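# Examining the three-dimensional arrangement
Here is what each chain is made of, one letter per residue.
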Amino acid sequence: MDQAFGIMLVTLEGTIRLSVPLILAALAGLFSERSGVFDIGLEGKMLAAAFGGGAAAAVFQSAYLGLGVAILVSLGLALVHGFASITQRGNQIVSGVAINFIALGATVILGQARFRQGGRTPALTGDSRFQAVELPFTDALADIPFLGPIYANLISGHFVLTYFAFAMVPFTWWVLHRTRFGLRLRAVGENPGAVDTAGISVTRMRYLAVICCGILCGIAGAYLSMAVAAGFVKGMTAGKGFIALAALLFAQWRPVNVMFACLSFGF
């Protein structure tokens, strides 16, 4: 029984760890697609952010500075996608695929040019990497049968970005369903003509949604290269952006359902 319980805890802990980038990327796509901008470039933005964050963390020895760079890199690509698909009214699928290809090639070329390690960044240690956070009373509760190991392994001991990802689920629901911004965002995606008639800028709302998407993809990429891994390696997203997109479609664009879908894929 103890062995089976231990295997279950390890499995669930791994499920949480692997689902975090999926949750962040799926919520990123949720903001974008609610505004009417389909974003197949989640994979590329995550990959570019993972490289940018890992490279900055290796150079400046700061995980939080790396996180900022990761967000800026992803945000830049998100704005490129926004310019192509919103301002220029280009094909959204083509724009997203182009971002994926550019990120896949550019990360390896830039990594090789800067670090000479086959496209990788140097291994991150110390302050250049996010460390697991122990919540209060972890040691005191660890010896309590059944509940102690659950608290110590499933609730405590994760990265700060892990807690951020799960906190974003109710926050996203609140933003979309309980704020003026969320109401306008959903209206833009469902009936842009009526929103434009009401005097609300459709272009502005869609750009704001694309910016939200870029920020969340940047955090997802930073999680991959500076939390679960100690640096960037070629193609480290491994299709997680596409899996997040599948989870988003499966969950029918509902934040709580998105979380459970991503947990099931993580499992």
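Right, let's walk through the structure included here. Worth saying up front: this structure is predicted, and the values here are computed from it rather than measured. (Residues numbered from 1 in each chain as written. Predicted model: local features only at pLDDT ≥ 70, side-chain atom pairs only at ≥ 80, totals over all residues. Heavy atoms only, no water.)

The helix and strand inventory of the protein chain stands at twelve helices and zero strands. In sequence order, the protein chain lays out its α and β elements as α-α-α-α-α-α-α-α-α-α-α-α. Relative to its length of 267 residues, the protein chain is compact, with a C-alpha radius of gyration of 19 Å against a globular reference of 18 Å. With respect to the three principal axes, the spread of C-alpha positions in the protein chain is 65 × 45 × 25 Å. For the protein chain, the residues scored as buried account for 49% of the 267 residues in total. As presented, the protein chain carries roughly 12,600 Å² of accessible surface, and 66% of it is formed by carbon and sulfur atoms. Considering the protein chain, the positive charge centre built from 17 side chains and the negative charge centre built from 11 side chains are found 14 Å apart. (Helix = DSSP H or I, 4+ residues; strand = E, 2+ residues; numbered from the N terminus. Rg over C-alpha atoms; globule rule 2.2 N^0.38 Å. Buried < 20%, exposed > 50% of the residue type's maximum accessible area, 1.4 Å probe, protein only. Areas by Shrake-Rupley, 256 points an atom, 1.4 Å probe, with all protein chains shown as cover. Lys, Arg positive; Asp, Glu negative; His and termini not counted. Charge placed at Lys NZ, Arg CZ, Asp CG, Glu CD.)

Right, let's talk about the packing of helix 7 (residues 160–178) against helix 8 (residues 180–190) for a bit. It is the contact of helix 7 with helix 8, at a shortest axis distance of 5 Å, that shows an interaxial angle of 75°. Here helix 7 lies roughly perpendicular to helix 8, going by the angle between them. For the pair helix 7 and helix 8, contact is made by Val175, Leu176 and His177 and by Phe181, Gly182, Leu183, Leu185 and Arg186, respectively. By residue class, the composition of the contact of helix 7 with helix 8 is five nonpolar, two polar and one charged. (Axes fitted to C-alpha atoms, helices over the stretch in contact; angles between N-to-C directions. Parallel < 35°, antiparallel > 145°, perpendicular 65-115°, else oblique. Contact = heavy atoms within 4.5 Å. Nonpolar A, V, L, I, M, F, W, Y, C, P; charged D, E, K, R; others polar.)

With respect to the helices and strands, the residue Phe265 is situated in helix 12 (residues 255–266). Residues Phe265 and Ile243, 22 residues apart in the sequence, show an inter-C-alpha distance of 7.8 Å. In this structure, Phe265 is in contact with Leu22, Ile243 and Ala247, ignoring residues within four places of it in sequence.

Moving on: unusual backbone geometry. Glycine aside, the phi torsion of most residues is negative, and most peptide linkages are trans. Here the phi dihedral of Arg89 falls at roughly 55°; this positive angle occurs in a residue that is not glycine. Inspection of the secondary structure puts Arg89 in the loop between helix 3 (63–87) and helix 4 (92–115). Located in the positive-phi region is Arg116, a residue other than glycine, with phi close to 55°. In this structure Arg116 comes out as exposed when scored by relative accessible area, which is 63%.

Let's shift gears to a nonpolar patch on the surface. On the surface, a cluster of nonpolar side chains totalling about 510 Å² of accessible area is made up of Phe137, Leu141, Ile144, Phe146 and Leu147. For Phe137, a relative accessible area of 62% gives the class exposed. (Patch = residues over 30% accessible without salt bridge, like charges linked within 9 Å, V, L, I, M, F, W, Y side chains within 5 Å. Salt bridge = Lys/Arg side-chain N within 4 Å of Asp/Glu carboxyl O.)

Let's shift gears to the pattern of salt bridges. Applying the stated criterion to the full structure yields two salt bridges. For Lys45, the salt bridge is made with Asp39, and the minimal N-O distance between the two is 2.6 Å. Looking at Lys45, the relative accessible area reads 0%, which means it is buried. Take Asp39: its relative accessible area is 2%, and that puts it in the buried class.

This part takes up the packing of helix 3 against helix 4. Two elements in contact, helix 3 and helix 4, have axes whose closest approach is 9 Å; the angle formed by their N-to-C orientations is 155°. Considering the angle they form, helix 3 stands roughly antiparallel to helix 4. With respect to the hand of their crossing, helix 3 and helix 4 are arranged in right-handed fashion. Taking contact as the criterion, the partners of Leu77, His81, Ala84 and Ser85 in helix 3 are, on helix 4, Gln92, Ser95, Gly96 and Ile99. Considering only residue class, the contact of helix 3 with helix 4 consists of three nonpolar, five polar and no charged. (Left-handed = near helix turned anticlockwise from the far one by under 90°.)

Here we take up the state of the cysteines. One pass over the structure, following the stated rule, counts zero disulfides. With no disulfide of its own, Cys217 lies 4.3 Å from the sulfur of Cys213, the closest cysteine sulfur. Take Cys217: its relative accessible area is 0%, and that puts it in the buried class. Not part of a disulfide, Cys262 finds its nearest cysteine sulfur in Cys217, a span of 12 Å. (Disulfide = S-S within 2.5 Å.)

Turning our eyes to something else, we now look at helix 1 (residues 2–34). In this model helix 1 runs 46 Å from its N-terminal to its C-terminal C-alpha over 33 residues, within 8% of the 48 Å that 1.5 Å per residue would give. At Ser19, helix 1 shows its maximal kink, close to 35°; a proline, Pro21, follows between one and four residues later. Just downstream of helix 1, Gly36 is the residue with a positive phi angle, here 95°. (Expected span 1.5 Å × (residues − 1). Bend = angle between axes of the 7 residues up to and from the residue.)

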